[in-house]
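# Overview (structure and organization)
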Amino acid sequence: MFNWFRRQDNKKQEDSAPKTEERAETAETKVDYTNWAKTARENIQDKQNDREGSQELDEEFMWSAKVLADRGTKPEEVSSEEIDWLKKLRRGLGKTRRNLINQLKATVGKGPLDSDAVMEIEALLLQADVGIEATEQVIETLQEKLRSEALPPDEAIAYLKTILQAILDEPLKKVSSPGFAPEKETLNIWLLTGVNGAGKTTTVGKLAHLAQKSGYTCTIAAADTFRAAAVEQVKTWAERSNTQVIANPGKNTDPAAVVYDAIAAANARKTELLLVDTAGRLQNKKNLMAELDKIRRIIDKKAPNAKVESLLVLDATLGQNGLSQAKVFKDAAKLSGIVLTKLDGSAKGGVALAIAQQLDLPIRFIGAGEGIDDLRPFSSYEFVEALIEG
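We now turn to the structure provided with this report. (Residues numbered from 1 in each chain as written. Predicted model: local features only at pLDDT ≥ 70, side-chain atom pairs only at ≥ 80, totals over all residues. Heavy atoms only, no water.)

## Points about the overall build of the chain
For clarity, the threshold we go by: Each helix corresponds to a stretch of at least 4 residues labelled H or I by DSSP, and each strand to a stretch of at least 2 residues labelled E; elements are numbered beginning at the N terminus. For the exposure calls, accessible area comes from a 1.4 Å probe over protein chains only, and a residue counts as buried if that area is under 20% of its type's maximum, exposed if over 50%, partly exposed in between. Here, residues are in contact when the closest pair of their heavy atoms is within 4.5 Å. Only the protein chains shown count as cover for residues, and all accessible areas are computed by the Shrake-Rupley method using a 1.4 Å probe.
From N to C terminus, the chain includes 17 helices and 8 strands. Buried residues in the chain amount to 54% of all 390 residues. Residue pairs at least 24 apart in sequence account for 79% of intrachain contacts in the chain once pairs closer than 6 positions are excluded. When the accessible area of the chain is evaluated, it comes to approximately 17000 Å², of which 46% is carbon and sulfur surface.

Structure below.
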């Protein structure tokens, strides 16, 4: 069974993805991507017992194959799901990429950056929602490099990618493990927080589906009891992945009581992952944070040995406005990561860099569509490749 949560560990992505000083050189390595892609496609067809094949060797497949090959994946290891996901990610960042890449190539390949070039790059990054702080960091690092040597456009772009990936990976230096997966044969409790409308309840359903297909037993606690139809919404998503939901049928019931019952049920059934859908809005900010704190106290009391994570769901289409929401939740909810949703074409993908730089929190999952398979663990390498192609 393919474990999406362990995908980066299995492929040793952090080791195989090009490092800052090596990435420009990687473009010159003699990888026969066409043969690699053909072999991967043949293996996918064999696995699916489908000689006609649902995967075409089109531009999207070739790009996906190159990304997988460059991060060290062997063609016989590739799954159709991985190709499909990379295609969705590329499409989701298509608008940002098209607005960035041509102008960036024209600017960074000219050699040492003068004031006009710096202003142009700054404007491009800000338009992509990268944010002021992250934009300044990118420009300072790029200027330092280009002061010492003039790079051809392709090498300059490759170096720019290393800067962006370094920003996205910086928060991982402060956590015990760069990977983010439920521990087998133990109770993991993941709290999903965020304002209403960010895609929180939908994310709970998609994570449950991802857990089930990755071989974990999963239960959902429908603790967003204050929003009309939230419980029914999560039940609908749970049915699609055959996941049990613990809910209280009463109106405006105590969310902490639902979590209490859910922990008891999870322990009885030896559940490995308990997903908690929390409230996104109460009468005021203070009440909301007090409710989240109450849930944490229940977890500490009822499941003292559980591995607890708190993930904030952010709507990528909100751009910089979403960051102010995140700052409210960061301390009160004891956040350990971000789920970035709705990167399906309308959002500006640069907001991921602003999140990593300003919040100092790792992005753990990313959503690039409305389907149940459109949420996956975040990879900075794949994200940057999709954001700045070439």
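## Re the pattern of salt bridges
Threshold: Definition used for salt bridges: Asp or Glu carboxyl oxygen within 4 Å of a side-chain nitrogen of Lys or Arg.
Scanning all chains against the criterion turns up 20 salt bridges. A salt bridge links Glu60 to Arg91, with the nearest nitrogen and oxygen atoms 2.7 Å apart. Within this pair, whereas Glu60 is found in helix H5 (residues 59-70), its partner Arg91 is found in helix H6 (residues 80-92), the two being separated by 31 residues in sequence. Ionic pairing is found between Lys294 and Asp254, a salt bridge with its closest N-O pair at 2.9 Å. Placement of the pair is Lys294 in helix H14 (residues 285-302) and Asp254 in the loop between strand E3 (244-246) and helix H13 (255-268), with a sequence separation of 40 residues. Residues joined by salt bridges that share partners form a network here, namely Arg7, Arg71, Glu82 and Glu382.

## Here's the deal with the sheet that holds strand E5 (residues 307-315)
Test applied: A pair of strands is treated as paired once DSSP finds two or more bridges between them. The angle between two axes is taken between their N-to-C directions and runs from 0 to 180 degrees, where each axis is a line fitted to C-alpha atoms and a helix contributes only its stretch in contact.
Spatially, the 8 strands line up as an open sheet ordered E3-E2-E4-E1-E5-E6-E7-E8, and their pairing is mixed. Every interior strand has two partners, whereas the edge strands, E3 and strand E8 (375-377), have only one. Mean inter-strand twist for the sheet, computed between neighbouring axes without regard to direction, equals 25 degrees. The sheet contact formed by strand E2 (residues 218-222) and strand E4 (residues 273-277) spans 5 bridges and is parallel. Counterpart to Thr219 in the pairing with E4 is Leu274. Sheet contacts for H13: strand E1 (188-193), E2, E3 and E4; angle to E3, the most-contacted strand, approximately 140 degrees.

## A short note on the pairing of strand E6 (residues 337-341)
We apply this condition: Note on handedness: a clockwise path from strand one over the helix to strand two, with the strands aimed away from the viewer, defines a right-handed crossover.
Burial of E6 is extensive: 5 of the 5 residues sit out of reach of the surface. Alignment of E5 against E6, held across 5 bridges, turns out to be parallel. From the neighbouring strand, Asp315 faces E6, where its bridge partner is Thr341. Between the parallel elements E6 and strand E7 (residues 363-367), the chain passes through helix H16 (residues 351-359) in a crossover that is right-handed.

## Overview of the packing of helix H9 (residues 132-148) against H16
Under the convention used in this document: Any angle from 65 to 115 degrees is called roughly perpendicular, while one under 35 is roughly parallel, one over 145 is roughly antiparallel, and all others are oblique. Side-chain classes are defined by residue name, with Ala, Val, Leu, Ile, Met, Phe, Trp, Tyr, Cys and Pro counting as nonpolar, Asp, Glu, Lys and Arg as charged, and the others, Gly among them, as polar.
Close contact between H9 and H16 brings their axes to 8 Å; oriented N to C, the two are set at 95 degrees. As judged from the angle between their axes, H9 and H16 are roughly perpendicular. On the side of H9, the interface is formed by Glu133, Ala134 and Gln137, while H16 contributes Leu353, Gln357 and Gln358. Per-class residue counts for the contact of H9 with H16 are 2 nonpolar, 3 polar and 1 charged.

## Quick word on the packing of helix H10 (residues 153-169) against H16
Here is the rule we go by: Handedness of a helix crossing follows the sense of rotation of the near helix relative to the far helix, less than a right angle counterclockwise being left-handed and clockwise being right-handed.
Running from amino to carboxyl end, H10 crosses H16 at an angle of 50 degrees, the nearest separation of the two axes being 8 Å. If you check the angle between H10 and H16, you find them oblique. Crossing hand, H10 versus H16: left-handed. Where H10 approaches H16, its residues Leu164, Ile167 and Leu168 are matched on the opposing element by Ala352, Leu353, Ala356 and Gln357.

## Re the packing of aromatic side chains
Test applied: Each Phe, Tyr or Trp ring, with Trp reduced to its six-membered ring, pairs with another whose centre is within 6.5 Å; inter-plane angles below 30 degrees give stacked pairs, above 60 give edge-to-face pairs, and intermediate values give tilted ones.
Tallied over the entire structure, the rule returns 8 aromatic pairs. Here the aromatic rings of Phe5 and Tyr216 are separated by 5.5 Å at their centres, their planes lie at 85 degrees, and the arrangement is edge-to-face. With a gap of 211 residues between them, Phe5 in the segment before helix H1 (7-11) and Tyr216 in the loop between helix H11 (200-213) and E2 connect regions that are remote in the sequence. When sorted by exposure, Phe5 lands in the same class as Tyr216, which is buried. Here Trp190 and Phe365 contribute two aromatic rings whose centre-to-centre distance is 5.9 Å and whose plane-to-plane angle is 50 degrees, an arrangement assigned as tilted. Taken together, the positions of Trp190 in strand E1 and Phe365 in strand E7 put the pair 175 residues apart, joining distant regions of the chain. For Trp190, a relative accessible area of 1% puts it in the buried group.

## Focus: H5
This is how the line gets drawn: An expected span of 1.5 Å times one less than the residue number is assigned to each helix.
Here H5 contains 12 residues, and its C-alpha end-to-end distance of 17 Å stays within 8% of the 16 Å for a straight helix at 1.5 Å per residue. Counting buried residues in H5 gives 9 out of 12 residues, a clear majority hidden from the surface. If you check which residues of H5 are buried, you get Glu60, Phe61, Trp63, Ser64, Ala65, Val67, Leu68, Ala69 and Asp70. Just downstream of H5 lies Gly72, where phi reads positive at about 95 degrees.

## Observations concerning the side chain of Arg7
Selection criterion: Side-chain atoms alone can form a polar contact between residues adjacent in sequence; in general such a contact is a pair of N or O atoms within 3.5 Å, and within protein one must be able to donate a hydrogen while the other accepts it.
Along the chain, Arg7 falls in helix H1. Within the structure, Arg7 has its side chain in polar contact with the side chain of Glu82 (distance 2.6 Å). Sequence-distant contacts of Arg7, defined by excluding residues within four places in its chain, comprise Phe2, Leu68, Arg71, Glu82 and Glu382.

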